[in-house]
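Okay, here's what each chain looks like letter by letter:
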Amino acid sequence: MKTALKYFKETCETIEKEGLTKNEKIITTPQGAKVQLADGREVVNMCANNYLGLGNNPEVIKSAKESYDKYGYGLSSVRFICGTQSVHKELEKKLSNFLGTDDTILYSSCFDANGGLFETLLNDQDAIITDELNHASIIDGCRLCKAKKFRYKNNDMQDLRAKLEEAKDARIKLIATDGVFSMDGIVANLKEICDLADEYDALVMVDDSHSAGFMGATGRGTAEHCGVQGRVDIITGTFGKALGGASGGFTSGRREIIDLLRQRSRPYLFSNTLAPAVAYASIKVLDIIENDLSIREKLFENTKLFAEKIKEIGLDVLDNGTPIIPVMLYDEHKAVEMAKRMMEKGVYVVAFSYPVVPRGKARIRTQLSAALSKEDILYIVECFRQVKEEMGL
Ligand SMILES: *Cc1c(COP(=O)(O)O)cnc(C)c1O
């Protein structure tokens, strides 16, 4: 065995000893309120990003099928060579219209959108002021960029101001934040962030991956939720969560910014175009969201019901008014044990531990979906109650 491989093996063994191993479970059905596992068991699903239940929506699937006849399967090209079809331009236009922005550029994932953002816009004369709990893709995007980095405490506006003050002399200042923080379900304080940005002549970038499609009265995202539509300069997001759940990402915002990304953003220039069927079906997804507000209403009804009931049984949960409701166990092993017991009762939940969350902050992150019924939710809560009792928590 080559020496290097021994090191990798040891690292995996250490991860296992610490109870931090991540195991994939195999699903044999489409994504939905219930899924079937490889061993044949059917479980209620509480850990998908399928907030609006569109991952297996018949109209969306029909659109994707139509697309294969109209646009083919794949383009074998990046956008600027020969990977742009009318459907890509239509989706960009539709999304700009949906978000109320000047223009939009598509990527094959939001990880790429964030990876190709910062280094394109900023150089060593500039500064990024970034929330400490931002998604890994924002962190990696920042790493690729020569701008000075200033990390502020999660959603702490006093600390953000202090960091803006420190960064005052930079040529460009860009504040970067998740719209909804994926591990705690906290909504970024965009009103104050935009006010501070105005005061310090800074740009605002919001990653709406966990909010586009359902946060805000008409699902436009956290800018709408916080009443700052038109004041956020850059919105990034994914089609891989509420917006259909397939894959793909985008950056949307001011024309000058999107224009420059089309010239220089590396994942856009050097990675293959979004598959046409995903682009075509994403247009349908936006149509559905625009025309049927009852889906997001159902999502928030479910969220409210679950939050109420889970608190009644005395579990330590974070409830920030979003469909992400983590059950806090703190201890890695307890979180794993709880997830395992919940699975045995037929509820699919996952324990989150380091490095996805800080050490000592292990949890089960539950996520609500419009696809769940009231009965599903009551069943899930009853299972949590039983497991809590069995584990003596
Ligand atoms: C999920 C997520 C991403 C990654 O999106 P993909 O399209 O799956 O690459 C980026 N940012 C945030 C905040 C996310 O939650």
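Structure first, text after, so check above.
For every chain, the first residue of the written sequence is number 1, and numbering continues from 1 onward in sequence order. Given that the model is predicted, a residue must reach a pLDDT of at least 70 before its local features are reported, and side-chain atom pairs must reach 80 or more before they are shown or counted; all residues, however, enter totals for whole chains, interfaces and linings. Side-chain numbers come from the whole structure's heavy atoms, not from hydrogens or water.

## Things to note about the overall build of the protein
Thinking step 1. Looking only at helices and strands, one finds 16 helices and 13 strands in the protein.
Thinking step 2. What the globule rule says is 2.2 Å times the number of residues to the power 0.38, and the radius of gyration is computed from C-alpha atoms. Here the C-alpha atoms of the protein give a radius of gyration of 21 Å, agreeing with the 21 Å that 2.2 N^0.38 yields for 393 residues.
Thinking step 3. The principal-axis extents of the C-alpha atoms in the protein amount to approximately 60 × 55 × 55 Å.
Thinking step 4. Type-normalised accessible area, obtained with a 1.4 Å probe on protein chains alone, sets the label of each residue: buried when under 20%, exposed when over 50%, and partly exposed for intermediate values. Within the protein, the proportion of its 393 residues that are buried is 54%. Strands here are runs of E lasting at least two residues and helices are runs of H or I lasting at least four, both read from the DSSP assignment and numbered beginning at the N terminus.

## Quick word on the sheet that holds strand β3 (residues 103–107)
Two modes of strand pairing occur in sheets, parallel and antiparallel, and in both the strands are linked by backbone hydrogen bonds.
Thinking step 1. Across the sheet, 7 strands lie side by side as β3-β9-β8-β7-β6-β4-β5; this open sheet has mixed pairing. Single-partner strands in this sheet number two, and they are β3 and β5 (148–152). Ignoring strand direction, the axes of neighbouring strands in this sheet form an average angle of 20°.
Thinking step 2. Think of it this way: DSSP has to see at least two bridges between two strands before they count as a pair. Alignment of β3 against strand β9 (residues 249–253), held across 5 bridges, turns out to be antiparallel. Among the inter-strand pairings, Tyr107 is bridged to a residue of β9, identified as Gly249. Orientation is described by axes fitted as lines to C-alpha atoms, over the contacting stretch for helices, and by angles from 0 to 180 degrees between their N-to-C directions.

## Some words on the pairing of β3
Side-chain direction in a regular strand flips from residue to residue, so the side chains alternate between the two faces of the sheet.
Thinking step 1. Taken across its 5 residues, β3 has 5 buried, putting it largely inside the fold.
Thinking step 2. Residue alternation in β3 divides its side chains into two sets, Asp103, Ile105 and Tyr107 and Thr104 and Leu106, and both sets are buried.

## A look at unusual backbone geometry
Thinking step 1. Here Tyr354 and Pro355 are connected by a cis peptide whose omega angle stands at 5°.
Thinking step 2. By the secondary structure assignment, Pro355 is in the loop between β12 (351–352) and β13 (362–367).
Thinking step 3. If you check the backbone angles, Ser76 has positive phi at about 50° while not being a glycine.
Thinking step 4. For Ser76, the position within the fold is in the loop between α2 (58–71) and α3 (79–82).
Thinking step 5. A positive phi angle is found at Asn155, which is not glycine, with a value near 55°.
Thinking step 6. Tracing the sequence through the fold places Asn155 in the loop between β5 and α8 (157–166).

## Examining a nonpolar patch on the surface
Thinking step 1. Together, Met1, Leu5, Tyr7 and Phe8 give the surface a local cluster of nonpolar side chains, amounting to about 500 Å² of exposed area.
Thinking step 2. Residue position: Phe8 is located in helix α1 (residues 3–17).
Thinking step 3. Judged by relative accessible area, which is 53%, Phe8 ranks as exposed. Exposure above 30% relative accessible area and the lack of any salt bridge qualify a residue for a patch; like charges then connect within 9 Å, and the nonpolar side chains Val, Leu, Ile, Met, Phe, Trp and Tyr within 5 Å. Every accessible area reported is derived by Shrake-Rupley at a probe size of 1.4 Å, with residue values counting cover from the shown protein chains alone. When a carboxyl oxygen of Asp or Glu lies within 4 Å of a side-chain nitrogen of Lys or Arg, that pair is called a salt bridge.

## Topic: the site of the ligand
Thinking step 1. For the ligand, the set of nearby residues contains 13 residues, the closest of which are Cys110, Asp207, His210, Thr238 and Lys241.
Thinking step 2. N or O atoms closer than or at 3.5 Å make up a polar contact, with two conditions inside protein: a donor-capable atom paired with an acceptor-capable one, and, for residues adjacent in sequence, both atoms drawn from side chains. Residue Cys110 places a main-chain N or O atom 2.8 Å away from an oxygen atom belonging to the ligand.
Thinking step 3. Note that a nitrogen atom of the ligand is positioned 2.6 Å from one of the side-chain N or O atoms of Asp207.
Thinking step 4. With the chains in place, 83% of the 380 Å² that the ligand exposes on its own is no longer accessible.
Thinking step 5. The biggest single contributor to the shell around the ligand is helix α5 (residues 110–115), with 3 residues.
Thinking step 6. Note on residue classes: Ala, Val, Leu, Ile, Met, Phe, Trp, Tyr, Cys and Pro are nonpolar, Asp, Glu, Lys and Arg are charged, and everything else, Gly too, is polar. Partitioned by chemical class, the residues of the shell around the ligand number 2 nonpolar, 8 polar and 3 charged. When at least one non-hydrogen atom of a residue lies within 4 Å of a molecule or strand, that residue is treated as near it.

## A closer look at the sheet that holds strand β11 (residues 347–348)
Thinking step 1. Spatial strand order, β1-β2-β11: 3 strands in an open sheet with mixed pairing. Unpaired on one side and paired on the other, β1 (34–36) and β11 mark the two borders of the sheet.

## Details of the side chain of Asn114
Thinking step 1. Mapped onto the elements, Asn114 comes out in helix α5.
Thinking step 2. Here Asn114 is in contact with Ser137, Ile138, Gly141, Met205, Asp207 and Thr236, once residues within four sequence places are set aside. We call two residues in contact when some of their heavy atoms are within 4.5 Å.

## A word on the pattern of salt bridges
Thinking step 1. One pass over the full model with this rule turns up 30 salt bridges.
Thinking step 2. Here Lys62 ties to Glu66 by a salt bridge, and the two come within 3.9 Å at their closest N and O atoms. Of the two residues, Lys62 and Glu66 are both situated in helix α2; the distance of 4 residues between them amounts to about one turn of the helix.
Thinking step 3. The class of Lys62 is exposed, set by a relative accessible area of 55%.
Thinking step 4. Among the ionic pairs, Lys345 bridges to Glu390, the shortest N-O distance being 2.8 Å. With Lys345 in the loop between α15 (332–344) and β11 and Glu390 in helix α16 (residues 374–390), this pair connects stretches of sequence that are 45 residues apart.

## Points about the packing of α8 against helix α9 (residues 190–199)
Two packed helices can be described by the angle between their axes and the distance between those axes.
Thinking step 1. At their nearest, the axes of α8 and α9 sit 11 Å apart, and the two run at 20° to each other. Here α8 lies roughly parallel to α9, going by the angle between them. Along this stretch, α8 crosses α9, giving a crossing that reads as right-handed. Every residue of α9 that contacts α8 at Met157, Leu160, Arg161 and Leu164 is listed here: Glu192, Ile193, Leu196 and Glu199. We call two directions roughly parallel when the angle between them is under 35 degrees, roughly antiparallel when it is over 145, roughly perpendicular when it lies between 65 and 115, and oblique otherwise. Here a crossing is taken to be left-handed if its near helix is turned anticlockwise relative to the far helix by less than a right angle, and right-handed if that turn runs clockwise.

## Points about the environment of Gly237
Thinking step 1. Along the chain, the position of Gly237 falls in strand β8 (residues 234–238).
Thinking step 2. Separated by 230 residues in the primary sequence, Gly237 and Tyr7 have C-alpha atoms spaced 36 Å apart.
Thinking step 3. Apart from residues lying up to four places away in sequence, Gly237 is in contact with Cys110, Asp207, Asp208, Ser209, Gly248, Gly249 and Phe250.

## Focus: the packing of α2 against helix α13 (residues 276–291)
Thinking step 1. Where α2 meets α13, the axes come as close as 8 Å, and the angle between the chain directions of the two elements is 145°. Helix-helix and strand crossings are classified by hand; for α2 and α13 the assignment is right-handed. Residue-level inspection shows Glu59, Val60, Ser63, Ala64, Glu66, Ser67, Tyr68, Lys70 and Tyr71 of α2 in contact with α13, the latter providing Pro276, Ala277, Tyr280, Ala281, Lys284, Val285 and Ile288.
Thinking step 2. For the contact of α2 with α13, a count of residues per class yields 10 nonpolar, 2 polar and 4 charged.

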